[in-house]
Amino acid sequence: LDETEGVTLGTADKPGTRVKVLGRVHRSRTQKEVMFITLKDGYGQMQVVFGGQLIKTYAAMTLTLETSIEIKGQLRELPPKASAPLNRELHADYFRIIGAAAGDKEAITNKVQADGDNQTLLDQRHLVLRGDNASNVMKVRAAVLRAFRQAYLETRCLEVAPPSMVQTQVEGGATLFGFKYYDQEAYLTQSSQLYLETCLPSMGDVFCICPSFRAERSLTRRHLAEYMHIEAELDFITFDDLLSHLEHVICRVVDLILADPVTAAYVKDLNSKFQPPSRPFKRMKYADAIEWLNEHKIDFDDDELPEDDPQRKRPHRFGDDIAEAAERKMTDILNVPIFLTHFPAEIKAFYMSRDPADRRVTESVDVLMPNVGEIVGGSMRISDYDELMAAYKRVEIDATPYYWYTDQRKYGTSPHGGYGLGLERFLAWLCDRHTVRDCVLYPRFVNRCTP
Ligand code: 4AD
Ligand code: MG
């Protein structure tokens, strides 16, 4: 009976002992009489050396990448400058193939999905996930979720779980996914905000981490049909409190990520230039952003007009939506996190309260990050009953199904506000990914619902 101790890769620290490892062949190279294998499991990698009789076996000569394998041997310590993981090398004296891998997809893993638009890589996402790049992003993602929960715990925000199947919209009818709910019409939620607001009176500040769904029509680097939405709602606050909270949570999450040596190493590997943002964040009002864009000759592109219409490109005017392309040019030039605030009411959602000092605009904020643009959308909410009724009317929403939301203004209203942050966009910023499609396990976007 062989009682060799089994060890996990990446954490093995038993030089000099005989160990057993289980994993998959990640890389291999043959040099004269020896074969070097990088074995990997979910926890790390180990360099394995096959020499002597082992290398002469048919199984070793025909070993393909991704083959799962059991190996036993002597674990040796290498000189400090060796390139092997943890400066350890396993000198194998026994191996057993558990599951051979068909060699036809060897080129798939470890592709950096640079355009995020490569249909083969998207179809083979299950294999792409076996590579270092894709799986390290997923490991950072898990750490970021832990860090947000920790940051909310520290700020006394309670986690709740609002429903995903709803009968009200939050962010406009154009991006609703509808479905048949028994004999009624229902939608997949666009945002849990309205539900979070109902928790404030008895649960205090709340947050949720739930998928949101948007039937976005356009193929962009930063739009998914299903994304992880981190939303928080805070009671009895001012707009300035909201901004300070956002700055605090974002910086705290980054600090927690970088304080963990394992996660920090993944971030460094994916985004070697990453610098934690410095506080306070730059603040810019929408009206000033419009001026800034015009000063920098970044035009408004009116996509309601035909491609060749000379009127299509023109300077920005107050009231224009700042499109993704213009926003990205701005963040690329400024290259720091920006609080873009005070958007005109006409281009924002119905629930946003107005700035008492300038009734044309709302107490709203988008957080823009270099390379991605908007990662957060937030605002103060209308807390007055009559004002909310007028807001429904302005956007032609039937108030009836919103009775439960309206009731918050009838039974002890309060100044309150909150925000939603797209986890995949946060990761695209943190890990320097070209597209949010690389920041989710299996991306869902226009016409893609597989694998
Ligand atoms: O700006 P949005 O639409 O705001 C809301 O949904 C608010 N109700 C949130 C709130 O106040 N509780 O979305 C918030 C964030 C965006 O800033 C973006 O990061 C992300 O959600 N997001 C998307 N991420 C990926 N794909 C999409 N299609 C997204 N739409 C929004
Ligand atoms: Mg938004």
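Since the structure is predicted, the reported quantities are computational estimates derived from the model, not experimental observations. (Residues numbered from 1 in each chain as written. Chains lettered and ligands numbered in written order. Predicted model: local features only at pLDDT ≥ 70, side-chain atom pairs only at ≥ 80, totals over all residues.)

## Some remarks on the overall build of the protein
And then number 1: Helix and strand counts for the protein stand at 12 helices and 21 strands.
And then number 2: Looking at the protein as a whole, 37% of its 451 residues are labelled buried. (Helix = DSSP H or I, 4+ residues; strand = E, 2+ residues; numbered from the N terminus. Buried ≥ 20, exposed ≤ 12 C-beta atoms within 10 Å, placed from the backbone.)

## Let's talk about helix H6 (residues 239-259)
And then number 1: The end-to-end C-alpha distance of H6, which contains 21 residues, comes to 30 Å, matching closely the 30 Å that a straight helix rising 1.5 Å per residue would cover.
And then number 2: Listed in full, the buried residues belonging to H6 are Phe-239, Leu-242, Leu-243, His-245, Leu-246, Val-249, Ile-250, Val-253, Val-254 and Ile-257. One side of H6 holds all its buried residues, which, seen down the axis, span an arc of 165°. The outward face of H6, more than 90 degrees from its buried face, is lined by the exposed residues Asp-240, Asp-255 and Ala-259. (Expected span 1.5 Å × (residues − 1). Arc of directions from axis to C-beta.)

## A look at the sheet that holds strand S8 (residues 165-166)
And then number 1: Across the sheet, 3 strands lie side by side as S8-S10-S9; this open sheet has antiparallel pairing. Strands with a single pairing partner mark the edges of an open sheet, and in this sheet they are S8 and strand S9 (177-181). (Pairing = 2+ DSSP bridges.)

## Quick look at the domain arrangement of the protein
One widely used convention gives an interface's size as the accessible area the parts lose upon coming together.
And then number 1: Entries for the protein in the domain assignment read domain 1 (5-105) and domain 2 (125-281 + 336-439).
And then number 2: The straight-line distance from the C-alpha centre of domain 1 to that of domain 2 is 44 Å. (Domains from an automatic or database assignment.)

## As for the environment of Ala-101
And then number 1: For Ala-101, the position within the fold is in the loop between strand S6 (88-99) and helix H2 (119-123).
And then number 2: We classify Ala-101 as partly exposed; it has 18 C-beta atoms within 10 Å.
And then number 3: Counting along the chain gives 278 residues from Ala-101 to Ser-379, while the straight-line C-alpha distance between them is 52 Å.
And then number 4: For Ala-101, the contacting residues outside a window of four places in its chain are Thr-64, Leu-65, Glu-66 and Thr-67. (Contact = placed C-beta atoms within 7 Å.)

## Quick look at the packing of helix H4 (residues 132-154) against H6
And then number 1: Close contact between H4 and H6 brings their axes to 9 Å; oriented N to C, the two are set at 130°. When the axis of H4 is compared with that of H6, the two are oblique. For the pair H4 and H6, the crossing hand works out as right-handed. Between H4, through Ala-143, Val-144, Ala-147, Phe-148, Gln-150 and Ala-151, and H6, the contact on the second element is made entirely by Val-249, Arg-252, Val-253, Leu-256 and Ile-257.
And then number 2: Taken together, the residues of the contact of H4 with H6 break down into 9 nonpolar, 1 polar and 1 charged. (Axes fitted to C-alpha atoms, helices over the stretch in contact; angles between N-to-C directions. Parallel < 35°, antiparallel > 145°, perpendicular 65-115°, else oblique. Left-handed = near helix turned anticlockwise from the far one by under 90°. Nonpolar A, V, L, I, M, F, W, Y, C, P; charged D, E, K, R; others polar.)

## Some words on the pairing of strand S18 (residues 358-362)
And then number 1: The pairing of strand S17 (residues 354-355) with S18 spans 2 bridges and is antiparallel. Along S18, the bridge assignment pairs Arg-354 with Thr-362.
And then number 2: Where S17 folds back onto S18 in an antiparallel hairpin, the turn is made up of 2 residues.

## A word on the UniProt feature "domain: Aminoacyl-transfer RNA synthetases class-II family profile" (unreviewed entry) in the protein
And then number 1: Following the UniProt record, one finds the feature "domain: Aminoacyl-transfer RNA synthetases class-II family profile" (unreviewed entry) at residues 138-443.
And then number 2: Taken end to end, residues 138-443 has its terminal C-alpha atoms 12 Å apart, with 35% of it in helix and 24% in strand. (UniProt positions renumbered as here; feature names shortened; annotations may be inferred.)

## Description of the site of ligand 1
And then number 1: As a structural note, the neighbourhood of ligand 1 is formed by 24 residues, with Ser-191, Gln-193, Gly-377, Gly-420 and Gly-422 the closest of them.
And then number 2: Elements that contribute at least two residues to the shell around ligand 1 include exactly strand S12 (226-235), strand S20 (373-380), strand S21 (416-422) and helix H12 (423-430).
And then number 3: Tallied by class, the residues present in the shell around ligand 1 amount to 8 nonpolar, 9 polar and 7 charged. (Near = placed C-beta within 6 Å.)

## Overview of unusual backbone geometry
And then number 1: Between Arg-279 and Pro-280 the backbone carries a cis peptide bond, its omega angle lying at -5°.
And then number 2: Within the secondary structure layout, Pro-280 lies in the loop between helix H7 (261-270) and strand S13 (282-285).
And then number 3: The omega torsion across Thr-450 and Pro-451 is -5°, close enough to zero to call that bond cis.
And then number 4: Phi at Asn-371 is positive, roughly 80°, even though this residue is not glycine.
And then number 5: Along the chain, Asn-371 falls in the loop between strand S19 (364-369) and S20.
And then number 6: Since 17 C-beta atoms lie within 10 Å of it, Asn-371 is described here as partly exposed.

## Points about the nonpolar core
And then number 1: Ranked by internal contacts, the top residues of the largest apolar core, which has 82 residues, are Val-140, Val-144, Val-253 and Leu-427.
And then number 2: In this view, Val-140 contacts Thr-263, Tyr-266, Val-267, Leu-427, Leu-430 and Cys-431; residues no more than four positions away in its chain are not counted.
And then number 3: Of all hydrophobic cores here, the second largest spans 18 residues; its members include Val-21, Ile-37, Ile-71 and Ala-92. (Core = buried A, V, L, I, M, F, W, Y, C linked by C-beta atoms within 7 Å.)

## Things to note about the pairing of strand S4 (residues 45-50)
And then number 1: By the criterion of burial, S4 is predominantly enclosed, with 5 of the 6 residues buried.
And then number 2: By the bridge criterion, 6 bridges tie strand S3 (residues 34-40) to S4 in an arrangement that is antiparallel. Bridged to Phe-36 within S4 is Val-49.
And then number 3: Two successive antiparallel strands, S3 and S4, enclose a turn made up of 4 residues.
And then number 4: Two elements, S4 and S6, share 3 bridges in a ladder whose sense is parallel. Bridge pairing in S6 places Val-48 opposite Leu-90.

## Details of the sheet that holds strand S7 (residues 158-159)
And then number 1: With mixed pairing, the 8 strands of this open sheet are ordered in space as S7-S11-S12-S21-S20-S19-S16-S13. Two strands in the sheet have a free side with no partner beyond their single neighbour: S7 and S13.
And then number 2: The pairing of S19 with S20 spans 6 bridges and is antiparallel. The residue of S20 that forms the bridge with Val-367 is Val-376.
And then number 3: Along the sheet, H4 makes contact with S7, strand S11 (206-213) and S12, crossing S11 at roughly 150°.
And then number 4: Where H12 meets the sheet, its contacts fall on S12, S19, S20 and S21, and the angle it forms with S21 comes to roughly 60°.

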